[in-house]
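# Reading the structure
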Amino acid sequence: MTDLHPTTTTLLGIQNTTLQEIQNSALRNTWIIYFLFVFLSSVAGDTLILVSSIKNRAFKLHPFIVSCIQHIAVADLLVVITAVLPRIVSLVAEGWVLGDVLCAVGPFVMIYPVTVSILLICVMATSKLIILKFPIISSDLTSRNGHMVCGFIWMFALNIPTAMLVVDKTDVTYDFRTYTCHYRFSSPTWNWLEPFLALINSIIPNIVVVGSTIPLMVYLIKARQVSRRIRGAQRWQGILTTFVTVAVYSVSALPYSVYRALESQSDVIKDPDGCLFRVAVSFLFLNTVSNFYIYLFTVPSFRNFLAGRIDTYYSSMSLSSFKTRSMSVKSSSSKSRGKTAIPRITNGGTDHV
């Protein structure tokens, strides 16, 4: 069995180098608690988003935006299953215990929904600006067209795992910095291919996402002012949903982007124990865990739907408890009546039993 605790390990027949594991148990437990929160919150939150938006139509937003929200929820569910859950297991076990096969497959599966999520947020931000800037053509941005565009994003995002498989499918290592297996991109082919894939899958989408923040904020301020005058709310809150989603994504991606940029200059960043890298990675998952809370805060129809379901649940529980108490009282009364004294004739007169 492969031993993944030493600094250098042999995995899948290749010599792989890992970095330092977390020596402080308090830090490791903190990371475990954080990723447990990310996992449980995302699974519950994204499931509620999908069920409420598909079955109950709880999102009273533009249909194209709703389709983006649904696909982002699916991508986030895949992220926590492929990236967060194995990390939790490795942190608890203090090493990789899920086997060589999952380690070999994991990096290819893990990078896919992450890429999809980035591109979908880019589509969401761009489409919202188009809706605001060109309201006449916004009628063409239907729910059906939204699903078609998002479906194309899912197919387009396959370019990275496909390239990884073609270039070198065995270039995988276990990294104690992140407690997951990851792809090393060590082949010379990546010297030119990696910058190109990063450009089309990350750099350009991130520029679009960050660049959309300012115009969305301007539209949000103007829409809020108009909304106050006409006593409306839905329009500016729809803008607020997209704006907060974009802003949170930008904040979550910034530390990792800065770290990677500085890491390329080996004399600039000093991180021998991988602590700074772990902080940057932790920020990335803020985007995954935050969407449910963003919609809860910015989408009144979603918030009212959940509040209504909670009220219905507690009302049914109260009614059930009331019926149970009533039945208990009736049963006690019946037993009391059943114990009415029965006369018994004795030599001395009448007794009762």
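Scroll up a little and you will see the structure.
A short tour of the structure in this document, coming up. Owing to the predicted nature of the structure, the values given are computational and were not obtained by experimental measurement.

What counts, and at which threshold
Residues numbered from 1 in each chain as written. Predicted model: local features only at pLDDT ≥ 70, side-chain atom pairs only at ≥ 80, totals over all residues. Heavy atoms only, no water. Helix = DSSP H or I, 4+ residues; strand = E, 2+ residues; numbered from the N terminus. Buried < 20%, exposed > 50% of the residue type's maximum accessible area, 1.4 Å probe, protein only. Contact = heavy atoms within 4.5 Å. Areas by Shrake-Rupley, 256 points an atom, 1.4 Å probe, with all protein chains shown as cover. Core = buried A, V, L, I, M, F, W, Y, C linked by side-chain atoms within 4.5 Å. Patch = residues over 30% accessible without salt bridge, like charges linked within 9 Å, V, L, I, M, F, W, Y side chains within 5 Å. Salt bridge = Lys/Arg side-chain N within 4 Å of Asp/Glu carboxyl O. Phe/Tyr/Trp six-rings, centres within 6.5 Å; stacked < 30°, edge-to-face > 60°. Pairing = 2+ DSSP bridges. Polar contact = N/O pair within 3.5 Å; in protein donor to acceptor, adjacent residues only side chain to side chain.

### Focus: the overall build of the protein
Within the protein, the regular secondary structure consists of nine helices and six strands. Within the protein, the fraction of its 353 residues that count as buried is 42%. Long-range pairs, those at least 24 residues apart, make up 75% of the contacts in the protein with a sequence separation of at least 6. If you sum the accessible surface of the protein, you get close to 19200 Å²; carbon and sulfur atoms cover 67% of it.

### Concerning the nonpolar core
Counting 49 residues, the largest nonpolar core has Ile49, Phe59, Ile69, Val116, Leu120, Tyr295 and Phe302 as its most contacted members. Here this core gets twelve residues from one element, more than from any other, and that element is helix α3 (residues 100-133). Leave out the neighbours within four places in its chain, and Phe302 touches Leu48, Ile49, Ser52, Ala58, Phe59, Phe292, Tyr295 and Leu296.

### Some remarks on a nonpolar patch on the surface
Together, Leu199, Ile203, Ile204, Ile207 and Val208 make up an exposed nonpolar region whose accessible area comes to about 400 Å². Examined against the element boundaries, Ile203 turns out to sit in helix α6 (residues 190-230). Taking relative accessible area as the criterion, Ile203 reaches 42% and is therefore assigned partly exposed.

### Quick notes on the packing of aromatic side chains
The description of two aromatic rings rests on the distance between their centres and on the angle between their planes. Using the criterion set out here, one finds 19 aromatic pairs in the structure. Seen from their ring centres, Trp31 and Phe35 are 5.0 Å apart, and the 70 degrees between their planes marks the pair as edge-to-face. Remark: Phe35 and Trp31 occur in helix α1 (residues 25-54); sequence separation between them is four residues, near one turn of the helix. Take Trp31 and Phe35: they sit in the same class, and that class is buried. Measuring from ring centre to ring centre gives 6.1 Å for Phe152 and Phe156, while their planes differ by 25 degrees; the resulting arrangement is stacked. Of this pair, Phe152 and Phe156 both sit in helix α4 (residues 143-156), four residues apart, roughly one helical turn. What makes Phe152 partly exposed here is its relative accessible area of 48%.

### Quick notes on unusual backbone geometry
Phi at Tyr179 is positive, roughly 60 degrees, even though this residue is not glycine. For Tyr179, the position within the fold is in the loop between β3 (172-175) and β4 (180-183). On the accessibility criterion, Tyr179 (0% relative accessible area) is buried. Not every positive phi belongs to a glycine, and Phe185 is a case in point at roughly 55 degrees. For Phe185, a relative accessible area of 24% gives the class partly exposed.

### What to know about the pairing of β4
Sheet topology places β3 next to β4; four bridges connect them, and they run antiparallel. Along β4, the bridge assignment pairs Thr173 with His182. Where β3 folds back on β4, the antiparallel hairpin that results is connected by four residues, among which Tyr179 adopts a positive phi of roughly 60 degrees.

### Considerations on the side chain of Ser290
Within the secondary structure, Ser290 sits in helix α8 (residues 275-298). From its side chain, Ser290 meets the backbone oxygen of Asn287 in a polar contact 3.3 Å long.

### Some details on the pattern of salt bridges
Per the counting criterion, the structure on display carries three salt bridges. A salt bridge links Asp171 to Arg184; the shortest N-O distance between them is 2.8 Å. Linking Asp171 in the loop between α5 (159-168) and β3 with Arg184 in the loop between β4 and α6, this pair joins segments that are 13 residues apart in sequence. Its relative accessible area of 1% is what places Asp171 among the buried residues.

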